[in-house]
Amino acid sequence: MITNEHIDRLLAGHGNVVGTDGDKIGGVGQVYADDNGGQPTWVTVKTGLFGTRESFVPLEGARVDGDDIVVPYTKDQVKDAPGVDPDGHLDPAEEDRLYQHYSLNGGGQRTYTDTTTGRDDRDTTIAGGYRDTTDTSADREYDARGTVGHDTSGPTTDDAMTRSEERLNVGTERQATGRARLRKYVTTENVTKTVPVQREEVRVEREPITDANRDAALRGPDISEEEHEVILHEERPVVDKETVPVERVRLDKDTVTEQETVTEEVRKERIDTDELDETRR
C-alpha cells in the first residue's frame, strides 16, 4: 500500500511512474487523496512533449520501487485515459470515466481532499474543508490540532503553507528530418590526346660514278627503259577504350551538436501576508 510518506518522498525526489512492462510512462505530477481517510488514491503522470499533459492513474495495486511508482498498467493504457483537467478537483463524473477506463469498481467516490462530501444547513462540513467561521466549537476543533489559527480555505493540516512552483524540464526527441541517397549515372565527355605518328617520304639520292660503283653502273644494256618503285609506310592513331575502377563512394553520418534555446512559461506560487485590523467597539 502506498502511503503519504511514500508520496512525499517520491515528490521530493522527482520520481517517475513506470508501467508493468518496465517502460517509463512519465514524471509524477500531483497526488489526489481520499477525503475520508486521507489515503493517496490517484496520481497524475506528466506525459506528452515536455510533460505538458497530465494523465490520471489509480494507485490501487501500485507499489514503490526506489524513487518510482510501478502501476499495473501499460504506457498506452495510461496515455489513452480520459482527459481530465488536473485543476485540484475531481468530480464524480470524471472519476467514473476513469474507473471505467481502468476497469475498476468503486466509481462515484470523491477522492481529492478539496472536494466536499456533503453540507449541512450551516455549511459546516469539516471533512470537505468548509466550516462556519462563526462557530466557536469549530474553532476549538481546529485549534485542538496544535496549529496556530485555522485554514479558512480547506482542512487544516499543519501550521505552515506549502509554496510550489513549476520548473521547466527540457529534453530531446529523435525524429527523421531528411533522407540522402547515392545515385550513379553515365555522362559523356570529349577527351583529346596527342600521339606521335611516323610516315615514310621518298628522297632521291644521286651519286657520281666512281671506281667503287662503276661495275654496278655499267651492268645491263647501254640504253634502255626501266622502272623502280618503293613502298611507303605511315602510322595512324588507333583508338581503344577500357573500363577501369577509379574510386569507392559510400554514405556516412556525422553528429553535430548545436545549442537551441527553449522559452516556456512557468507558474510560481507567491505567499503574501495580509494583516487584518479589527476595530474594537
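Right above here is the structure, for reference.
Presented here is an overview of the structure given in this document. (Residues numbered from 1 in each chain as written. Predicted model: local features only at pLDDT ≥ 70, side-chain atom pairs only at ≥ 80, totals over all residues. Heavy atoms only, no water.)

Remarks on the overall build of the protein
For step 1, the next point in the chain: Per the secondary structure count, the protein includes five helices and six strands.
For step 2, the next point in the chain: Counted from the first residue to the last, the protein has its helices and strands arranged as α-β-β-β-β-β-β-α-α-α-α.
For step 3, the next point in the chain: Counting over 281 residues, the protein shows a buried share of 21%.
For step 4, the next point in the chain: Partitioning the intrachain contacts of the protein with sequence separation of at least 6 by distance along the chain shows that 50% fall at a separation of at least 24.
For step 5, the next point in the chain: Carbon and sulfur atoms provide 44% of the accessible area of the protein, an area that totals close to 24300 Å². (Helix = DSSP H or I, 4+ residues; strand = E, 2+ residues; numbered from the N terminus. Buried < 20%, exposed > 50% of the residue type's maximum accessible area, 1.4 Å probe, protein only. Contact = heavy atoms within 4.5 Å. Areas by Shrake-Rupley, 256 points an atom, 1.4 Å probe, with all protein chains shown as cover.)

Let's talk about a nonpolar patch on the surface
For step 1, the next point in the chain: Taken together, the side chains of Leu168, Val170, Val262 and Val266 make up a nonpolar region of the molecular surface, amounting to roughly 290 Å² of accessible area.
For step 2, the next point in the chain: Topologically, Val266 is positioned in the segment after α5 (214-217).
For step 3, the next point in the chain: Classification of Val266 by relative accessible area gives partly exposed; the value is 38%. (Patch = residues over 30% accessible without salt bridge, like charges linked within 9 Å, V, L, I, M, F, W, Y side chains within 5 Å. Salt bridge = Lys/Arg side-chain N within 4 Å of Asp/Glu carboxyl O.)

Quick notes on helix α3 (residues 92-101)
For step 1, the next point in the chain: Three or more residues of α3 are buried, namely Glu94, Glu95, Leu98 and Tyr99. Buried residues of α3, seen end-on, are gathered within an arc of 135 degrees and therefore sit on one face of the element. α3 presents Ala93 and Gln100 as exposed residues on the side facing more than 90 degrees away from its buried surface.
For step 2, the next point in the chain: Immediately downstream of α3, the backbone of Ser103 shows phi near 55 degrees, a positive value. (Arc of directions from axis to C-beta.)

Some thoughts on the pairing of strand β2 (residues 24-33)
For step 1, the next point in the chain: β2 sits mainly inside the fold: seven of its ten residues count as buried.
For step 2, the next point in the chain: The hairpin turn running from strand β1 (residues 16-18) into β2, its antiparallel successor, is five residues long, and Gly22 in that turn takes a positive phi close to 90 degrees.
For step 3, the next point in the chain: Judged from the five bridges that link them, β2 and strand β3 (residues 40-47) form a sheet pairing that is antiparallel. Counterpart to Val28 in the pairing with β3 is Val45. (Pairing = 2+ DSSP bridges.)

A short note on the pattern of salt bridges
For step 1, the next point in the chain: Per the counting criterion, the structure on display carries seven salt bridges.
For step 2, the next point in the chain: Arg267 is the salt-bridge partner of Glu166, the closest N and O atoms lying 2.9 Å from each other. A residue pair is termed long-range when its members are at least 10 positions apart, and Glu166 in the loop between α4 (136-143) and α5 and Arg267 in the segment after α5 qualify at 101 residues.
For step 3, the next point in the chain: Residue classification places Glu166 among the partly exposed residues on the basis of a relative accessible area of 31%.
For step 4, the next point in the chain: Among the salt bridges present, the one from Arg199 reaches Glu201, with a minimum N-O distance of 3.0 Å.

Considerations on the sheet that holds β1
For step 1, the next point in the chain: Spatially, six strands are ordered β4-β3-β2-β1-β6-β5 in an open sheet, and the strand pairing comes out mixed. One side of each edge strand has no neighbouring strand; the edge strands of this open sheet are β4 (53-58) and β5 (63-65). Within this sheet the neighbouring strands show an average axis-to-axis angle of 40 degrees, counted without direction.
For step 2, the next point in the chain: The pairing of β1 with strand β6 (residues 68-70) spans two bridges and is classified as parallel. (Axes fitted to C-alpha atoms, helices over the stretch in contact; angles between N-to-C directions.)

Quick word on the side chain of Asn213
For step 1, the next point in the chain: Along the chain, Asn213 falls in the loop between α4 and α5.
For step 2, the next point in the chain: Polar side-chain contacts of Asn213 include one of 3.0 Å to the backbone oxygen of Pro208.
For step 3, the next point in the chain: In this structure the side chain of Asn213 is engaged in a polar contact, spanning 2.6 Å, whose partner is the backbone nitrogen of Thr210. (Polar contact = N/O pair within 3.5 Å; in protein donor to acceptor, adjacent residues only side chain to side chain.)

Remarks on the nonpolar core
For step 1, the next point in the chain: Counting 25 residues, the largest nonpolar core has Trp42, Val57, Ile69, Val71 and Tyr102 as the members making the most contacts within it.
For step 2, the next point in the chain: Breaking this core down by element, the ones donating at least two residues are α1 (4-12), β2, β3, β4 and α3. (Core = buried A, V, L, I, M, F, W, Y, C linked by side-chain atoms within 4.5 Å.)

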